[in-house]
Amino acid sequence: MLTSQDLPDQQKGTLPRTIRVALVGNPNTGKTTLFNALTGLKQKVANYPGVTVERKSGIFSFEGLQIEVIDLPGAYSLRPTNDVERITRDVLLGMMGSEQPVDVVVVCLDAGNLERNLYFATQVLDLGLPGVVALTMNDEAASMGQPVDPVVLEQHLGRPVVETVAPTYKGITELKKVILQAVGREGEDLPWSIGEKVLHAIEHLAAEIGKHKPMERRILRQVSVELLLDRRGTNRMIDLPGIRELVGKLRAELEWAGVKWVESESIGRYAWIKSVIETTRVRSEEKFKPSRSDKVDRVLTHPVFGLAIFLVVMAVVFQSIYTWAGPFMDMIDGLTAASASAVASSMPSGPLRDLLTDGIISGVGAVLIFLPQIILLFLFIVLMEDSGYLSRAAFVMNRHMRRFGLTGHAFIPMLSGFACAIPAIMSTRNISDPRTRLATIMAVPLTSCSARLPVYALMIGALIPATPLFAGFTTQGFVLLGAYIFSICAALLVARAFRMTVLKGRQQPFIIELPPYRVPSWKTVLNSVWERGRMFVTQAGTIILAINIILWFIAYFPHDNSLQAKYDSQRGAAQASLSGDELELRLEELDSLQSGEMLRGSIAGKLGQVIEPVIEPLGFDWKIGIGLLASFAAREVFVSTMAIVYNVGEADETSVSLMDAIRNEKHADGQRVYSPLVALNIIIFFILACQCMGTVAVVKRETNSWKWPLVMVGYMTALAYVTCLVFYQLGIRFFPGLA
Amino acid sequence: MRLDTLSFHVVESVMKLSECRSGDIVLITEIDSHVSGTLRLRELGVLEGVDLKVIKSSNPMLLHVNESRIALDRELAAAISVNYMVSASGNQTC
Ligand SMILES: Nc1nc2c(ncn2[C@@H]2O[C@H](COP(=O)(O)OP(=O)(O)OP(=O)(O)O)[C@@H](O)[C@H]2O)c(=O)[nH]1
Ligand SMILES: [Mg+2]
């Protein structure tokens, strides 16, 4: 066992207080899984390249020392092509401004992809920072019949190599020890060669840059390689005085001498890698033997079957969101109703009781009832992500995305948008072309996030009949599927509109790696579903609760007590003159008239009536207007608001189920407020309208300007209004049966 | 290989990767570095002297290179010149 006391004195003296360790490597090599195993945190893990898109840090202590681990986005090369790779480069080259350089780099090497992984690894090790290699996925490589020998690899790389299988915590303690031992031990140069003439030019450039910006020798050299050899370059050091000119001159000289300088780095590194591989990997299988994943891919990546299967999978997902969630929803509904009546019967009547039953319990309950559906949605999303299917969907969709000015890369954020637009917008950092990325950012908020699901579910549940279609599918499932397809189509059309106008530009080539299929780890699945479920409940218990209380107040006050007296006397008159069923009916009518009049006089009612002229042509009345206004705080609030709107001032003890209330809601002239057409129009409005402050904020941050978030809010609002207007007006003319 | 197939072989060597069929195993002979995206391919291990198998010749193409499965546009594949090693029909040419 190694403790800080055991370390040689001179090394102990150099140990900083907190040791900073960076986790780097190719995408999808298990860095975050390792990070979680080291720190006990729960960052997102999934089986596709490009999951981590920002630096995240965590701390663990070991042998009495504090160690800070930084999880970085995956990179194929230190010469970045997109923003996530740029983050990794900046941290490694010490270009993050005030941040101190890291003490140790842990390079993750996927044993199943050794050649390609070693490319980036050699680039990182060339920086000379104390380095440790974590050999991941060797369990998988061994089961495929070609394990990597860590001992031989260690000899080649001159750095300690630790085999880890982070999902089962194998090798974690060993890795911690080796990290501590590595502190302060700079690695030797690897014996690969870039060619004499290129090396000469690099050194010339390094000397020049060093004059302006003193840096560690080996970091300086890597910066020079990037500036000299990478024509895609985005390194700001090119702007140092005289450097751009020098780079141009050196390139011209190399060209003149017939040196293939663009190719030199890849040729040099891969030549050395080849010699390493020959001795470190046992290959028992023939080369290019199709793996199990390849066999599955014959079907799943087929241009026709692949797409068909994708659509069938989606249909099953949305149908099961109805079928499987039903019983659980009934349970939650029952609980809500029971607690509302328990409170109602144990308290004297008055505003406080009304607030508790109508404002808090039925409002929050109206949102919570959708928890089972949200959980199912996330379960399906995480299964797609962690099995490796998501990359296949991107592959199949690429040709379709092309028609809209995007590439398959944009499909991943769009599908993650089904969960939430905020991480989806952040994941567009993986798209290298800035214009394509911007167009994707503008389109992603249209994809149907989980906050919209309660609204769809409410409208569909209340107004679309559950007519069986075939094989367990019902009209409800299809309308829900339709809502998601509509949202994707709208997003694609918007992206295309942007790409044809303000974001015009050449298409970037599409290159994507397909990871092997993996059985989703139950830990990842549970973790992700649990986190999401927890977020949803927390949201309901905090933000939505708070908004509900406010809403209840503005829907309850000013409370006109003379109204109560007026209706009570009418009730008395009815009781005197009517009897039996007639009396029942009359009393019910009076109840709803009274609550309607009370709401109309309240602050919320007045607000709703102010916007009524604007939304009336869309088929929405002033009560829906209150819901729409409130939903700008958070989409789910629409549901709880409607629960309050239809319950406030309700004369009897029990609150009606929200779906029943919606079905029975009538205009003053006795016509129903909600028809299937209105329900669909509400769904369309919620797909298209920008009602999420979080999205606006993240777009502001990612684009670093106010321009794009404003453009987004503007176009979405206009699009929502116009589309709903046209849909409703055409609907009442051509499909009067639905209206 | 019989000598009289050699001339055929030379003609084949100017083949573009984009023209290959599913199942072909080819050796990369040259990559046009002026085409954008080729540097990234090189970094991924798609470079001269490497053999690869075309898993799917659809667009995008799907390649088996070293142990990775890499998908790329056909347009980009046209920047890569290859030599047959095994053609999909099964006859070995080199
Ligand atoms: N068999 C096996 N699977 C692993 C191992 N480590 C990670 N995985 C799985 O590999 C996949 C990728 O893991 P991540 O930790 O998300 O990879 P990453 O390197 O952080 O990926 P990016 O953030 O996209 O760069 C997940 O499905 C993990 O469950 C391992 O040692 N063995
Ligand atoms: Mg990660």
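*Asks:* Could you clarify how one ought to interpret the nonpolar core in this entry?
*Replies:* Generally speaking, a soluble globular protein has its nonpolar side chains buried in company with each other. One finds M459(A), I624(A), Y674(A) and I682(A) to be the most contacted residues of the largest nonpolar core, which totals 141 residues. Ranked by residue count, the leading element in this core is helix α22 (residues 475–500) of chain A, at 11 residues. Excluding residues that lie within four positions of it along the chain, M459(A) makes contacts with I464(A), F638(A), I662(A), Y674(A), A679(A), I682(A) and I683(A). If you look at the next biggest cluster of nonpolar residues, it comprises 87 residues, including L190(A), I219(A), V46(B) and A77(B).

*Asks:* Looking at this structure, I do not really get the site of ligand 1. What am I missing?
*Replies:* Residues and elements named next belong to chain A. Of all residues adjacent to ligand 1, which total 25 residues, the nearest are K31, T32, T33, V51 and T52. Backbone polar atom of G30 to an oxygen atom of ligand 1: 3.0 Å apart, as the coordinates give it. Between ligand 1 and A46, the relevant distance is 3.3 Å, taken from an oxygen atom to a main-chain nitrogen or oxygen of the residue. The protein chains hide 95% of the 650 Å² of surface that ligand 1 would expose on its own. Taken together, the elements giving at least two residues each to the shell around ligand 1 come down to α2 (31–39) and α5 (138–143). Element by element, the count of residues in the shell around ligand 1 is highest for α2, at three residues. Split by residue class, the shell around ligand 1 holds 10 nonpolar, 10 polar and five charged.

*Asks:* Whenever I open this one, the domain arrangement of chain A confuses me. Can you help?
*Replies:* Interface extent is often summarised as the accessible area lost during association of the parts. Domain assignment breaks chain A into domain 1 (4–182), domain 2 (196–258), domain 3 (292–447) and domain 4 (448–494 + 602–739). When each unit is reduced to the centre of its C-alpha atoms, the spacing between domain 1 of chain A and domain 4 of chain A is 48 Å.

*Asks:* Looking at this structure, I do not really get the pattern of salt bridges. What am I missing?
*Replies:* Should their charged atoms come close, side chains of opposite charge can pair. All names here are of chain A. Per the counting criterion, the structure on display carries 36 salt bridges over all chains. Its salt-bridge partner being R218, residue E186 comes within 3.0 Å of it at the nearest N-O pair. Of the two residues, E186 sits in the loop between α7 (172–182) and α8 (196–212) while R218 sits in helix α9 (residues 217–229), which places them 32 residues apart along the sequence. By relative accessible area, which is 52% here, E186 ends up exposed. Owing to a relative accessible area of 8%, R218 belongs among the buried residues under this scheme. A network of salt bridges, in which partner residues are shared, links D83, R86, R429, R437, R701 and E702.

*Asks:* How do you make sense of the interface of chain A and chain B when you look at a structure like this?
*Replies:* The partner chain B presents 35 residues to the 44 residues of chain A that form the contact. Taken together, both faces of the contact between chain A and chain B bury some 3,300 Å²; the carbon and sulfur share is 52%. Of all residues in chain A, F288(A), F395(A) and I511(A) give up the largest surface area on contact with chain B, accounting jointly for 22% of the area buried on that side. There are five salt bridges connecting chain A and chain B. At the boundary of chain A with chain B, the tally comes to 22 residue pairs in polar contact (both at pLDDT 80 or more). Within the residue set of the side of chain A that touches chain B, elements represented by two or more residues are α4 (114–125), α11 (261–280), α12 (292–300), α17 (389–402) and β9 (511–513) of chain A.

*Asks:* Help me understand the coordination of the magnesium ion (ligand 2) in this model?
*Replies:* Residue and element names in this part refer to chain A. Every protein donor of the magnesium ion (ligand 2) is listed here as T32 (OG1) and T52 (OG1), and their distances to the metal cover 2.0 Å. You can see T32 sitting in helix α2 and its partner T52 sitting in the loop between α2 and β2 (56–62), a full 20 residues away along the chain. A single burial state applies to T32 and to T52, both of which are buried.

*Asks:* I keep staring at the pairing of strand β4 (residues 104–110) of chain A and nothing clicks. Help me out?
*Replies:* For a regular strand, side chains alternate in direction, first toward one face of the sheet and then toward the other. Residue and element names in this part refer to chain A. Most of β4 sits inside the fold, with seven of its seven residues counted as buried. Covered by surrounding structure in β4 are V104, V106, C108 and D110 together with V105, V107 and L109, the residues of both alternating faces. Bridge count for strand β1 (residues 18–25) against β4 is five bridges, and the pairing is parallel. Following the sheet pairing, V24 is matched in β4 by V107. As paired strands, β4 and strand β5 (residues 131–136) are joined by six bridges and run parallel to one another. Bridge assignment links L109 to a residue of β5, and that residue is L135. With α4 bridging β4 and its parallel neighbour β5, the resulting β-α-β unit is right-handed.

Conventions used here
All residue numbers refer to position in the chain's written sequence, counted from 1. In the order they appear in the text, chains get letters beginning with A and ligands get numbers beginning with 1. Per-residue local features of the predicted model are confined to residues with pLDDT of at least 70, and side-chain atom pairs are confined, for both listing and counting, to 80 or more; whole-chain, interface and lining totals are unaffected and use all residues. The basis for the side-chain values is all heavy atoms of the structure; hydrogens and waters are excluded. We call a set of buried Ala, Val, Leu, Ile, Met, Phe, Trp, Tyr and Cys residues a nonpolar core when their side-chain atoms join them within 4.5 Å. Only protein chains enter the accessibility calculation, which uses a 1.4 Å probe; a residue whose area is less than 20% of its type maximum is buried, one above 50% is exposed, and one in between is partly exposed. Helix and strand definitions here come from DSSP, where helices need a minimum of 4 consecutive H or I residues and strands a minimum of 2 consecutive E residues; each element is numbered from the N-terminal end. Contacts are assigned to residue pairs that have any heavy atoms within 4.5 Å of one another. Throughout, near means a residue has at least one heavy atom within 4 Å of the molecule or strand. Pairs of N or O atoms are called polar contacts if they sit within 3.5 Å, as long as, within protein, a hydrogen donor faces a hydrogen acceptor (for residues adjacent in sequence, only side-chain-to-side-chain pairs). Residue exposure ignores everything except the shown protein chains as possible cover, and the areas themselves are Shrake-Rupley values with a 1.4 Å probe. Put simply, Ala, Val, Leu, Ile, Met, Phe, Trp, Tyr, Cys and Pro go in the nonpolar bin, Asp, Glu, Lys and Arg in the charged bin, and everything else, Gly too, in the polar bin. Note that domain bounds follow an automatic or database assignment of domains. Whenever a carboxyl oxygen of Asp or Glu lies within 4 Å of a side-chain nitrogen of Lys or Arg, that contact is scored as a salt bridge. As a working definition, buried area equals the accessible area (1.4 Å probe) given up by two parts on being put together, with both sides summed. Any N, O or S atom lying within 2.8 Å of the metal counts as a donor, with the limit raised to 3.2 Å for Na, K and Ca; because water is left out of the atom set, some sites can appear incomplete. Strand pairing is assigned whenever DSSP detects at least two bridges linking the two strands. By the criterion used throughout, a crossover qualifies as right-handed when its path from the first strand across the helix to the second strand runs clockwise, the strands pointing away from the viewer.

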